Amino acid sequence: MTKTVTDVVCPFCGTLCDDLEVVVSDDGKQLLEVYNACAIGAEKFLHSQAEDRLTRPRLQQEDGSWKDVTYDEAIEYTAQMLASSTKPLMYGWSSTNCEAQGVGSEIGEITGAVMDNTATVCHGTSLIAVQDIGIPHCTLGEVKNRADRVVFWGCNPAHAHPRHMSRYSIFPRGFFTGKGHKGRKVIVIDPRKTDTANVADVHLQIEQGRDYELLDALRVAFKGLPLPDVVAGIPKEQIYEAAEVLKSGRFVIIFFGMGVTQSLGKNHNIDEAIAVTRDLNEYTKAAIMPMRGHYNVTGSGAVWGWQFGFPFAVDLSRGFARYNPGETTSNDLLRRGEVDSVFVLGSDPGAHFPFSSVKKISELPSVCIDPHQTPTTAVCKLHVPVAFVGVEIGGCAYRMDNVPIETRKVVEAPEGMMTDEEFLEKVLVRIKEIKGE
Amino acid sequence: MKKLAIKVNLITGRSIQQGVSMEGGKEKPAYTAACGIIELDPAEFKRLGTYRNTNVRVTSEYGSVIVKAVEATQGPHPGVAYIPMGPWANMVINPNTYSTGMPTFKGTPVEVEIAKNGQVLDSLDLVRKACRGEVV
Ligand code: SF4
């Protein structure tokens, strides 16, 4: 016999779909099938069942081989490393629950760490822009029920957030959007003809890196003022047309992604995108939302927001919280050699940081907490596999629109495996002992 | 004879294959097949004078990596090349943050040249070997 668990939350991307169904064996130990998830979400659930999954911590030896150790030894190693560091970097925090993030912050505080999350390579520049000029925001529920003009700027949900378009932004029929797709006009701005662009009414194939110019041109076009013939590779007629489409909507939502946050201009691109949204509010209702990647990167920003006042790049090394992107951000710290150990949980900087930073991690004392084998675990000294959050343990996560959703446990973790939170709590207790607190 | 190299503007980002294979295990061949590639327009293949699915060396001011050249699935995008986000792309992207904390993952000028006998390493190997200075 099998059981079907309904209303399961997918712990992969910031869309945080909450309508999955998962079939598990009667004893709750095996996960058999996943329904309603996209290909990525389904793979995440199914991979937890992989036979070659690591279930015990391991230490990397001089020659690159691995030696299994117990969780107790791993806790001791981690506690000693953090307690003896002057300025450890504690990075990641996006693929775990808010409960673990809370315990991690406590460790950061007593060890004088720099706490940084994956926003640092994702929407960190958006956070800077929001601090600069604010943000007219809304929830995805409002998008579904009200939005009739949808813009995807430098993001490709068809690949990165596969169910976003069907659940919220393009296809669903909502209270005021009874015609679904037909009632919405979709504009995509992207240097590639992406699969998202293929379902759009308008695709502006912008010259890569010229987002600021085009955003600025839109603001000019809203006012009906003159434009040069071509801006950022787009003829002015198309820009005027797009401006009219936006102004004539009842509710405009602008989603934006890495195309704007990682191209030159960075936070200033987002400043301008927010200014476009603000301008639009003179003609209609408009909101803007970052397409957050990891399922709980938003949550780690929220947790640190209320604990320290800053959503990423929090430097606690002086005994109080400092925040200065460019100085207290992971890649700058690593490249300048300003941290003396690295602790990673819930992210894979080995795969997603520039190589110059990865090399620095490999040269420092390092611990990586991750259910998977990754390029980060390959270069870290200690690898601690843990239970999958959202699969083998529940906990709170924040969707990309800042709505907290409680994830669910659907199967048992392999016997004897610890969760992020349990591991961190033991490390915290041990650090307090070492420090004599 | 000097080897022929073409100049393109490199961007990185997600793809659904990248997401699926990453969750399936970054040590597996599927991840290499999904991310150890560079997507080029047909016009660029012509300029480079080679067929699709040839291994190429991608070099920037910041590093170099061997990946397989494939035809752009979401193109054409003249002058732009695409490597899905991952350790291969991160060998060559511009790591400078210009005081924002954010490396410049998009918009790195690179050169692409044929490397028929070059081997595309898997992600764990690539990072491990590169850290030890065993690959250039
Ligand atoms: S869209 Fe995102 S949250 Fe929804 S099923 Fe796919 S990966 Fe999971």
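Further up the page is the structure itself.
What you are looking at is a predicted structure, and each value in this text was computed from that prediction instead of being measured.

(A) Representation of the overall build of chain B. From N to C terminus, chain B includes five helices and six strands. Shown N-terminal to C-terminal, the secondary structure of chain B runs as helices and strands in the order β-α-α-β-α-β-β-β-α-β-α. Taking 2.2 N^0.38 as the reference for a compact globule, 136 residues should give roughly 14 Å; the C-alpha atoms of chain B span a radius of gyration of 14 Å, in line with that estimate. By its C-alpha atoms, chain B is 35 × 35 × 30 Å across when sized along the principal axes. For chain B, with 136 residues in total, the buried portion stands at 58%. The long-range share in chain B, meaning contacts at least 24 apart out of those at least 6 apart in sequence, stands at 76%. Carbon and sulfur atoms provide 55% of the accessible area of chain B, an area that totals close to 5600 Å².

(B) Up close: the overall build of chain A. Helix and strand content of chain A: 18 helices and 21 strands. Taking 22 Å as the expected radius of gyration for a compact globule of 437 residues, we find that chain A reaches 23 Å, a close match to that expectation. By its C-alpha atoms, chain A is 65 × 55 × 35 Å across when sized along the principal axes. Per-residue burial for chain A yields a buried fraction of 63% across its 437 residues. Summarising the internal contacts of chain A: among those between residues at least 6 apart in sequence, 67% fall at separations of at least 24.

(C) Local environment of the interface of chain B and chain A. The interface is formed by 49 residues belonging to chain B together with 58 residues belonging to chain A. Summed over both partners, the interface of chain B with chain A comes to about 4400 Å²; 60% of that surface belongs to carbon and sulfur atoms. Three residues, B:Glu23, B:Gln74 and B:Met102, lead the burial of chain B against chain A; their summed loss comes to 18% of the area buried on that side. Across the contact surface, chain B and chain A share two salt bridges. The partner of A:Asp348 in a salt bridge is B:Lys26, with the nearest N and O atoms 2.6 Å apart.

(D) Focus on a nonpolar patch on the surface. On the surface, a nonpolar cluster with roughly 300 Å² of combined accessible area is contributed by A:Leu264, B:Tyr62 and B:Tyr98. Within the element layout of this structure, A:Leu264 appears in the loop between helix 11 (258-261) and helix 12 (267-280).

(E) Spotlight on the packing of aromatic side chains. Applying the stated criterion across every chain yields a total of eight aromatic pairs over all chains. The interplanar angle of 15° and the centroid separation of 5.5 Å between the aromatic rings of A:Phe152 and A:Phe255 together place this pair among those described as stacked. Of this pair, A:Phe152 sits in strand 8 (residues 149-153) while A:Phe255 sits in strand 13 (residues 251-256); the two residues are 103 residues apart in sequence, bridging distant segments of the chain. With a relative accessible area of 0%, A:Phe152 lands in the buried category. Its relative accessible area of 0% is what places A:Phe255 among the buried residues. Each member of the aromatic cluster is reached from another via a ring pair, and the members are A:Phe310, A:Phe312 and A:Tyr323. Note that A:Arg192 overlies the ring of B:Tyr82, its terminal NZ or CZ placed 3.6 Å from the centroid.

Rules and cut-offs
- Residues numbered from 1 in each chain as written.
- Chains lettered and ligands numbered in written order.
- Predicted model: local features only at pLDDT ≥ 70, side-chain atom pairs only at ≥ 80, totals over all residues.
- Heavy atoms only, no water.
- Helix = DSSP H or I, 4+ residues; strand = E, 2+ residues; numbered from the N terminus.
- Rg over C-alpha atoms; globule rule 2.2 N^0.38 Å.
- Buried < 20%, exposed > 50% of the residue type's maximum accessible area, 1.4 Å probe, protein only.
- Contact = heavy atoms within 4.5 Å.
- Areas by Shrake-Rupley, 256 points an atom, 1.4 Å probe, with all protein chains shown as cover.
- Buried area = accessible area lost by both parts, 1.4 Å probe.
- Salt bridge = Lys/Arg side-chain N within 4 Å of Asp/Glu carboxyl O.
- Patch = residues over 30% accessible without salt bridge, like charges linked within 9 Å, V, L, I, M, F, W, Y side chains within 5 Å.
- Phe/Tyr/Trp six-rings, centres within 6.5 Å; stacked < 30°, edge-to-face > 60°.
- Lys NZ or Arg CZ within 6 Å of the ring centre and 35° of its normal.

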